[in-house]
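# A closer look at the structure
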Amino acid sequence: ATETAGAHAALHARHRAVLPDWLATYYAQPIELTHGEGRYVWDAEGNRYLDFFGGILTTMTAHALPEVAAAVAEQAGRLLHSSTLYLSSQAVELAERIARLSGIPDARVFFTTSGTEANDTALLLATSYRRSNQILALRNSYHGRSFSAIGITGNSAWSPTSLSPLQTLYVHGGVRTRGPYAHLSDAEFITACVADLEDVLGQAGGQVAALIAEPVQGVGGFTMPPDGLFAAFKQVLDRHGILWITDEVQTGWGRTGEHFWGWQAHGKAGPPDILTFAKGVGNGMSMGGVVARAEVMNCLTANSISTFGGSPVTAAAALANLGYLIEHDLQGNARRVGGLLKARLESVAAGLGVVREVRGRGLMLAVELVVPGTDQPSAQAAGLVLEAAREQGLLIGKGGRAGNVLRIAPPLSLSVAEAEEGAAALEAALKAAQTALESPQTTGTGGVTL
Ligand code: PMP
């Protein structure tokens, strides 16, 4: 054990010496994952964890899903090569399936290798189509890490520079549990957000290209806008000819249980003009993409090419993964198991002052933490719970503008027994964190170093 701990410490030191300082990792002693199966992963020291976060960190259905592993191995054994200069039956078949699933009429699909690149491409399409570099984005948003994507990321903790090729106008619609709109009903919130959108548009000089929004903000802490918000936005956007881009990188593929895509919760809004996806579609293989109606997708007049977009190997993985997801009705599973898990977490939270709110849908659930007995966001509590959950053999994520939100997004095949196991581990971790926060020693020193 001492030997593996020593090797792990040495790896961490080498990581720190050669990778950028700004590359975030979780935990005081970051985990090195070595293998996975189903909803579980193992680290280099032999510890097993139930994975309540990996569903969003790309393993949409299950770890090491045999169907996906076999599809990858089979394709890799035949041809490990990629370029859009050649046709690929896997890429064409996957594009046909995604075009049908997207709900967008006359849809065209372009594959990328990440969510950032998918959003970059969506911005390229929207700004070219509308001949404008003005973009509307939601406050508290996260859309990726490239030079243009950071320009539409309203969560300043994830946006290292304000320099951007875009002129971004931020509107309300993301966080509603705090701030000036906290006391409003759903209908009042929608009215207030529409008024804010109209106000911002009234001040914008010239035409605006698009509104980009995550239907449920991911890194922003699984904020839940009321159903119908985007339908109300769409009425305003349509009047100005502004495109609607839905970033489904976290909400896509049935994660919210009720719908295949997050935009579908907004009913009358109809399909977006542009949809982006990534993360889970390849179940761990780097795959993302953009869907748009042909008129928008084909507005680019110059040639283009992508070396790795829709490579035969990643497309084979995504086809196997999507097939499994639909055949096993994992969206329905997310709705059923997620519903049970949410109810269980709500009853845990009822007795704990450190929890302000349990929210979310399907297997996209959040637990917002505060300094016990107050309404003050506590990033320290989130850090303590993350470490304590690890001790309990449970991986979870965190997020939110103040870093005080726990994010729960397991692979969509989570069983009821596993949901129960995770809820019990999280209950123990929340109790440990609350006890630590309430002890004079912890609060007196300004907190435990994490
Ligand atoms: N959009 C959203 C909503 C995301 O959550 C993320 C990743 N956290 C991205 C875009 C960027 O995706 P990637 O990390 O694959 O570039």
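Residues numbered from 1 in each chain as written. Predicted model: local features only at pLDDT ≥ 70, side-chain atom pairs only at ≥ 80, totals over all residues.

### Focus on the site of the ligand
Residues in close proximity to the ligand total 16 residues, the closest being Ser 114, Gly 115, Thr 116, Gly 144 and Val 249. Across the shell around the ligand, the residue classes break down as 4 nonpolar, 8 polar and 4 charged. (Near = placed C-beta within 6 Å. Nonpolar A, V, L, I, M, F, W, Y, C, P; charged D, E, K, R; others polar.)

### Structural notes on the sheet that holds strand S11 (residues 355-361)
As summarised here, the arrangement of the 4 strands in space is S11-S12-S15-S14, forming an open sheet in which the pairing is antiparallel. Where the open sheet ends on each side, the last strands, each with one partner, are S11 and strand S14 (397-399). Along the sheet, successive strands turn relative to each other by an average axial angle of 25°, direction set aside. Pairing geometry for strand S12 (residues 364-369) and strand S15 (residues 405-408), over 4 bridges, is antiparallel. Its bridge partner lying in S15, Ala 366 is registered against Arg 407. Helix H9 (residues 330-350) rests against S11 and S12 of the sheet, and its axis sits at about 175° to S11. (Pairing = 2+ DSSP bridges. Helix = DSSP H or I, 4+ residues; strand = E, 2+ residues; numbered from the N terminus. Axes fitted to C-alpha atoms, helices over the stretch in contact; angles between N-to-C directions. Contact = placed C-beta atoms within 7 Å.)

### With respect to the sheet that holds strand S2 (residues 40-43)
Taken in spatial order, the 4 strands of this open sheet run S1-S2-S3-S13, and their pairing is mixed. Two strands lie at the open edges of the sheet, namely strand S1 (33-37) and strand S13 (394-395), each paired on one side alone. Summarising the sheet, S2 and strand S3 (residues 48-51) pair through 3 bridges and their orientation is antiparallel. From the neighbouring strand, Trp 42 faces S3, where its bridge partner is Arg 48.

### Some details on the packing of helix H5 (residues 186-203) against helix H6 (residues 229-240)
Direction vectors running N to C along H5 and H6 enclose 25°, while the axes themselves pass 9 Å from each other. Judged by the inter-axis angle, H5 sits roughly parallel to H6. Note that H5 runs across H6; the crossing there is right-handed. Of the residues in H6, those in contact with Ile 190, Cys 193, Val 194, Leu 197, Glu 198 and Leu 201 of H5 are Leu 229, Ala 232, Phe 233, Val 236 and His 240. Among the residues making up the contact of H5 with H6, the classes are represented as 9 nonpolar, 1 polar and 1 charged. (Parallel < 35°, antiparallel > 145°, perpendicular 65-115°, else oblique. Left-handed = near helix turned anticlockwise from the far one by under 90°.)

### Comments concerning the domain arrangement of the protein
As far as domains go, the protein holds domain 1 (2-61 + 329-444) and domain 2 (67-327). Each of domain 1 and domain 2 was reduced to a C-alpha centroid, and the two centroids are 26 Å apart. Taken together, the contacts link 28 residues of domain 1 with 27 residues of domain 2. For the side of domain 1 that touches domain 2, the secondary structure elements donating two or more residues are H9, S11, S12 and S15. For the side of domain 1 that touches domain 2, the leading source of residues is H9, giving 5 residues. Broken down by class, the residue content of the side of domain 1 that touches domain 2 amounts to 11 nonpolar, 10 polar and 7 charged. (Domains from an automatic or database assignment.)

### Quick look at unusual backbone geometry
Positive phi is not limited to glycine here, since Tyr 27 has a value of about 80°. Mapped onto the elements of the fold, Tyr 27 is located in the loop between helix H1 (2-18) and S1. Overall, Tyr 27 belongs to the exposed group, with 12 C-beta atoms counted inside 10 Å. (Buried ≥ 20, exposed ≤ 12 C-beta atoms within 10 Å, placed from the backbone.)

### Structural notes on the packing of helix H10 (residues 379-391) against helix H11 (residues 416-438)
Running from N to C, H10 and H11 point in directions that differ by 135°, and their axes come no closer than 8 Å. In terms of axis orientation, H10 runs oblique to H11. The crossing of H10 and H11 is right-handed. Across the interface between the two elements, Ala 381, Leu 384, Val 385, Ala 388 and Ala 389 from H10 touch Ala 425, Leu 426, Ala 429, Leu 430, Ala 432, Ala 433, Ala 436 and Leu 437 from H11. Considering only residue class, the contact of H10 with H11 consists of 13 nonpolar, no polar and no charged.

### Some details on the confidence of the model for the protein
On average, the protein scores 94 in pLDDT, and the residues at 70 or more come to 98%. Confidence drops under pLDDT 50 across residues 443-450; counting only partners more than four residues distant or on other chains, this segment forms 9 contacts. Scoring of the predicted complex yields 0.96 for pTM and 0.99 for ipTM. (pLDDT = per-residue confidence, 0-100.)

### Comments concerning H1
Along an α-helix, residues three or four positions apart point the same way, because every turn accommodates 3.6 residues. Given a rise of 1.5 Å per residue, 17 residues ought to cover 24 Å, and the 24 Å separating the end C-alpha atoms of H1 matches this to within 8%. The buried count for H1 comes to 0 of 17 residues, which makes it a mostly uncovered element. (Expected span 1.5 Å × (residues − 1).)

### Topic: the environment of Glu 421
The residue Glu 421 is located in helix H11 in this model. The exposure class assigned to Glu 421 is partly exposed, which follows from the 18 C-beta atoms found within 10 Å.

### A look at helix H2 (residues 66-78)
Compared with an ideal rise of 1.5 Å per residue, which puts 13 residues at 18 Å, H2 spans 18 Å between its outermost C-alpha atoms and is within 8% of the ideal. Within H2, burial applies to Val 68, Ala 71 and Gln 75. Around the axis of H2, the buried residues are gathered within 65° of arc, so they sit on the same side. Turned more than 90 degrees away from the buried face of H2, the exposed residues are Pro 66, Ala 70, Ala 73, Glu 74 and Gly 77. (Arc of directions from axis to C-beta.)

### Things to note about the nonpolar core
Most often, soluble globular proteins have nonpolar side chains that are buried together. Core analysis: the biggest nonpolar cluster contains 120 residues, and Ala 210 and Val 385 have the highest contact counts within it. The element contributing the most residues to this core is helix H8 (residues 312-327), with 10 residues. Apart from residues no more than four positions distant in its own chain, Ala 210 is found in contact with Ala 126, Arg 130, Ile 135, Leu 136, Ile 242, Leu 243, Trp 244 and Ile 245. (Core = buried A, V, L, I, M, F, W, Y, C linked by C-beta atoms within 7 Å.)

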